[in-house]
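# Remarks on the overall topology
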Amino acid sequence: MTTKLISIVLPVYNEHEILPTTIQTLEDFVAGQPQDYELIFVDDGSRDYSATIVEHARLKYHNLKLVQFSRNFGHQIAITAGIRYATGDAIVVMDADLQDPPDVIPAMIKKWQDGYQVVYGKRRQRDGETWFKKTSAHWFYRLLDKMTTIQIPTDTGDFRLIDRQVAEVLKTVNEDDPYVRGLVSWVGFRQTAVVYERQERLAGQSKYPLRKMVKLALDGITSFSTMPLKMATWFGGVLVGFGSLFALISLLAGHATNVTLLVFMMCLCSGAILLTIGILGDYLSRIFTASRQRPLYVVANTVGFKQTGAITWQTTAHHDLRKRG
Ligand code: UDP
Ligand code: MG
């Protein structure tokens, strides 16, 4: 049996305070593991010494790799790039601030060996995070779950293991504002969770100010739900209904006045406008969905075909489809 290669992808943005500890901790960890490891640091346009630290550490540890962005493109894009550069049989994505403990990786690998293609880390508790961050994350994940048709597990971040097959599918997805954890759920295959306790950030500040958190939340909603575009239809319907009911009750009660007529007309007109906007939203959502060019479906396996087919309709690369028969 050949030794499996595991890639660890770490997005890095101005983490020079903690990077030496992260590298040392990870190198100590991988030294005791039966698999081979490559550590891919994606420097997301840091303005400190982050990249230099990785380059220096590379002199000692040859399994370190660095992908350096020309500017700050954002956490999700850094992860996307890391997955594209990774060559491992499985890829683990984790934060560079050691909030995702490496000790969880063996449990993830165990599940992977049991046949799961996605093993995501589910947070049991968020140590050292603000009340605001915990509460907003809690409600956001639940709202997203209600708004979308795919199952995006709650209380999970980007700490997860994905199989090579899943990585190959993700490589075909070329969206402007990728919401990686949503895309991983969308891909499908066998997915499971490993529960872990999220640690406190050991050094430095969070690189996720409110502005970036809101952007991430909006990316999550807009890339997996077209509900906001259709909301006008609902408001319009409610207004028209309310106006008509109001007029009807006034008429029946026998005190319909000019004000009744005015309220009725106002509800009807604004309702009609909103309904029309909602219809526009519906068409827009179709154009939007089509413009994302997400593969229509993902094939996990084929049986009885001579040729190894493409895993998605738009890829040309050949994939290990685990052909049988
Ligand atoms: N990060 C990044 N680009 C950014 C912001 C953050 O690559 O624009 C990295 C950061 O260095 C860290 C990970 O993404 O490794 C998670 O960020 P952070 O720890 O600041 O987020 P939090 O844990 O506070 O949600
Ligand atoms: Mg963090």
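Notes on the structure follow. (Residues numbered from 1 in each chain as written. Chains lettered and ligands numbered in written order. Predicted model: local features only at pLDDT ≥ 70, side-chain atom pairs only at ≥ 80, totals over all residues. Heavy atoms only, no water.)

## Focus on the overall build of the chain
A count of helices and strands for the chain gives 10 helices and seven strands. Expressed as lengths along the three principal axes of its C-alpha atoms, the size of the chain is roughly 90 × 55 × 35 Å. Expressed as a percentage of the 325 residues in the chain, the buried residues total 46%. Within the chain, contacts between residues at least 6 apart in sequence are counted, and of these 77% link residues at least 24 apart. Accessible surface, the chain as shown: approximately 17600 Å² in total, 61% of it carbon and sulfur. (Helix = DSSP H or I, 4+ residues; strand = E, 2+ residues; numbered from the N terminus. Buried < 20%, exposed > 50% of the residue type's maximum accessible area, 1.4 Å probe, protein only. Contact = heavy atoms within 4.5 Å. Areas by Shrake-Rupley, 256 points an atom, 1.4 Å probe, with all protein chains shown as cover.)

## Brief notes about the coordination of the magnesium ion (ligand 2)
Ligation of the magnesium ion (ligand 2) by protein atoms is provided by Asp97 (OD) and Gln99 (OE1), these donors lying 1.9 to 2.0 Å from the ion. Across this residue pair, the class does not change: Asp97 and Gln99 are buried. (Donors = N, O, S within 2.8 Å, 3.2 Å for Na, K, Ca; no water.)

## A short note on the site of ligand 1
Lining the immediate environment of ligand 1, one finds 19 residues, of which Glu15, Asp97, Gln99, Ser206 and Lys207 sit closest. The separation between an oxygen atom of ligand 1 and a polar side-chain atom of Asn72 is 3.1 Å. Its free accessible area being 530 Å², ligand 1 has 96% of it covered by the protein chains. Considered class by class, the residues forming the shell around ligand 1 number five nonpolar, five polar and nine charged. (Near = heavy atom within 4 Å. Polar contact = N/O pair within 3.5 Å; in protein donor to acceptor, adjacent residues only side chain to side chain. Nonpolar A, V, L, I, M, F, W, Y, C, P; charged D, E, K, R; others polar.)

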